[in-house]
Amino acid sequence: MLLQTKNQLCKERRRLSIEKKPIIFAIETSCDETAVSILKGHNELLSNLVVSQIDIHKDFGGVVPEIAARKHVEFLYQLSLKAFEEAQIEPTQLNAIAVSYGPGLIGSLLIGTSFAKGMSISLNIPLIGVNHLVGHIYANFLDFPELKPPFVTLLVSGGHTMILLVKDYFDFEIIGETRDDAAGEAFDKVARILNLEYPGGPIIDQIAKSGKSIYKFPKPLYNVGYDFSFSGLKTAVLYFVKDSRKAKIEDIAASFQEAIIDTLVHKVTKYALKSGIKDVVIAGGVASNSLLRKKLNTYRDELNIYYPQLKYCTDNAAMIARAAYEKYQRNMFDDLDLDVEPNLGLSKV
Ligand code: KG4
Ligand code: ZN
């Protein structure tokens, strides 16, 4: 009964609040980054703050879900106050609250969504649940306002690796995806094998620069369709490291990176060229990878390659705000019974 009344209130709020240049407060707490952002209209970023918990989790070699959730509780309120201060606006000026509701760690998602619901009720403004994956893709709109669907996307993060056809703003077709490890996960696991810190992607990227790609690691499914498989590559590195103790870590990193990046670039460009859709968008944490960017740049004569600034590749709330802006324009609001969805795919936006 109480829920019904609250949902009714949400519907009332929707009717009242459609602005051309809404001010949206966005929250991202799906994993180990606590992030908030305030976006006005489609690209005036008034504040964009991220507290990374990496230093806390790296002693454990990966994210500890319970610690991540507790740290979100500790950081979120203070970070929000700081965002209002930086943006020079009052909470009463907001038009909507956006929050990523999945995929991610359940405890972490619950902290963000509970906080967002509290703000939505107390400020009497609409709530917009954002799919974290859509956020990663839409990070590109922050820098490229001219970009419009249809376009091809390579979404490469710690939890996902997909080639997508973005047919329209909220219409995604999965062309290929990983059958086992995600690309970021493969970077992190190989880094662990090499005794490097978590997260491994940026470190491998860095040390590979002083190495040579002289070892031929497998490129699973390279010539087979658009799906990926990286767990065999990771195992190949594991056995190589056990057998070849004299190999330089920089060369192993460079060789592994070459194998994985070659596969990603080969498949996404093959699909884009075959489909005739020239706009290719890269998204997610692995989109920061320097070799990925370098190799994709070699296709610039045939394709238009887009990737976000580094700060919008890894988890951030600006991307959540930007995706929420598109939902706001289409009246796509949520009720207070918005649930977290740790395994959310792209069938729901
Ligand atoms: O998108 P993200 O911040 O979080 C998820 O939604 O998963 O991605 C994090 C992943 C980690 O696996 C990290 O190692 C990887 O992105 N990553 C990189 C680089 N920077 C971050 N992988 C390769 N090269 C990089 N420069
Ligand atoms: Zn992410």
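Not measured: the values here are computed from a predicted model.

S.K.: Looking at this structure, I do not really get the packing of aromatic side chains. What am I missing?
M.R.: Centre-to-centre distance and the angle between the planes together describe a pair of aromatic rings. Scanning the entire structure with this criterion turns up 13 aromatic pairs. Aromatic pair Phe 141 and Phe 151: ring centres 6.1 Å apart, planes at 75°, arrangement edge-to-face. Highlighted residues: Phe 141 in helix α5 (residues 132–143) and Phe 151 in strand β6 (residues 151–156), separated in sequence by ten residues. Comparing Phe 141 with Phe 151, the two get one shared label, buried. Ring centres 5.9 Å apart and planes at 45° place the aromatic pair Phe 141 and Tyr 169 in the tilted group. One end of the pair, Phe 141, is in helix α5; the other, Tyr 169, is in the loop between β7 (161–168) and β8 (171–177), with 28 residues separating them in the sequence. On the accessibility criterion, Phe 141 (2% relative accessible area) is buried.

S.K.: Would you mind showing me how to read the pairing of strand β4 (residues 96–102) here?
M.R.: Here is the key point about a regular strand: its side chains alternate between the two faces of the sheet. Where burial is concerned, most of β4 is hidden: seven out of the seven residues are buried. Pairing of strand β1 (residues 23–28) with β4 involves four bridges; the strand directions are parallel. Pairing of Phe 25 across the sheet is with Ile 97, part of β4. Sheet topology note: the β4/strand β5 (residues 127–131) ladder contains five bridges and is parallel. Looking across to β5, one finds that Ile 97 is bridged to Leu 127. With respect to chirality, the unit in which β4 leads through helix α4 (residues 106–123) into the neighbouring parallel β5 is right-handed.

S.K.: Whenever I open this one, the packing of helix α7 (residues 200–208) against helix α9 (residues 249–275) confuses me. Can you help?
M.R.: Each pair of packed helices can be described by the angle between their axes along with the distance between the axes. Between α7 and α9, the shortest axis-to-axis distance is 8 Å and the interhelical angle comes to 110°. Regarding the angle of α7 to α9, the classification is roughly perpendicular. Pair α7 / α9 crosses with left-handed handedness. Counted together, Ile 204, Asp 205, Ile 207 and Ala 208 of α7 and Ile 249, Glu 250, Ala 253, Ala 254, Phe 256 and Gln 257 of α9 form the full contact between these two elements. Of the residues in the contact of α7 with α9, the class split is seven nonpolar, one polar and two charged.

S.K.: Looking at this structure, I do not really get the domain arrangement of the protein. What am I missing?
M.R.: Reports often express the size of an interface as the amount of accessible area lost when the parts come together. Structurally, the protein comprises domain 1 (6–138 + 314–329) and domain 2 (148–308). Using only C-alpha atoms to locate each centre, domain 1 and domain 2 end up separated by 28 Å. With 17 residues of domain 1 at the interface, the matching set in domain 2 holds 17 residues. Buried area between domain 1 and domain 2, both sides added, is near 1,400 Å², and the carbon and sulfur share of it is 73%. Joining domain 1 to domain 2, the criterion identifies one salt bridge. Across the salt bridge formed by Glu 197 and Lys 58, the nearest N and O atoms sit 3.4 Å from each other. Taken together, domain 1 and domain 2 are joined by three residue pairs in polar contact (both at pLDDT 80 or more). Elements with a contribution of two residues or more to the side of domain 1 that touches domain 2: α5 and α12 (318–329). Counting residues per element, the side of domain 1 that touches domain 2 draws most heavily on α5, at five residues.

S.K.: I would appreciate a short explanation of the side chain of Asp 279 in the present structure.
M.R.: Along the chain, Asp 279 turns up in strand β9 (residues 279–283). For the buried Asp 279, which has no salt bridge, the nearest side chain bearing the opposite charge is Lys 278, at an N-O separation of 8.5 Å. The residues touching Asp 279, leaving out its near neighbours within four places in the chain, are Leu 147, Phe 151, Val 152, Asn 304 and Tyr 306.

S.K.: What's the story with the pairing of β6 in this structure? I'm lost.
M.R.: Within β6, six of the six residues are buried, which leaves it mostly tucked inside the rest of the structure. Burial along β6 is two-sided: the face carrying Phe 151, Thr 153 and Leu 155 and the face carrying Val 152, Leu 154 and Val 156 are both buried. Note that β6 and β7 share six bridges and pair antiparallel. From the neighbouring strand, Val 152 faces β7, where its bridge partner is Leu 165. Hairpin connection of β6 to β7: four residues between the antiparallel strands.

Procedures and definitions
- Residues numbered from 1 in each chain as written.
- Chains lettered and ligands numbered in written order.
- Predicted model: local features only at pLDDT ≥ 70, side-chain atom pairs only at ≥ 80, totals over all residues.
- Heavy atoms only, no water.
- Phe/Tyr/Trp six-rings, centres within 6.5 Å; stacked < 30°, edge-to-face > 60°.
- Helix = DSSP H or I, 4+ residues; strand = E, 2+ residues; numbered from the N terminus.
- Buried < 20%, exposed > 50% of the residue type's maximum accessible area, 1.4 Å probe, protein only.
- Pairing = 2+ DSSP bridges.
- Right-handed = clockwise from strand over helix to strand, strands pointing away.
- Axes fitted to C-alpha atoms, helices over the stretch in contact; angles between N-to-C directions.
- Parallel < 35°, antiparallel > 145°, perpendicular 65-115°, else oblique.
- Left-handed = near helix turned anticlockwise from the far one by under 90°.
- Contact = heavy atoms within 4.5 Å.
- Nonpolar A, V, L, I, M, F, W, Y, C, P; charged D, E, K, R; others polar.
- Domains from an automatic or database assignment.
- Buried area = accessible area lost by both parts, 1.4 Å probe.
- Salt bridge = Lys/Arg side-chain N within 4 Å of Asp/Glu carboxyl O.
- Polar contact = N/O pair within 3.5 Å; in protein donor to acceptor, adjacent residues only side chain to side chain.
- Lys, Arg positive; Asp, Glu negative; His and termini not counted.

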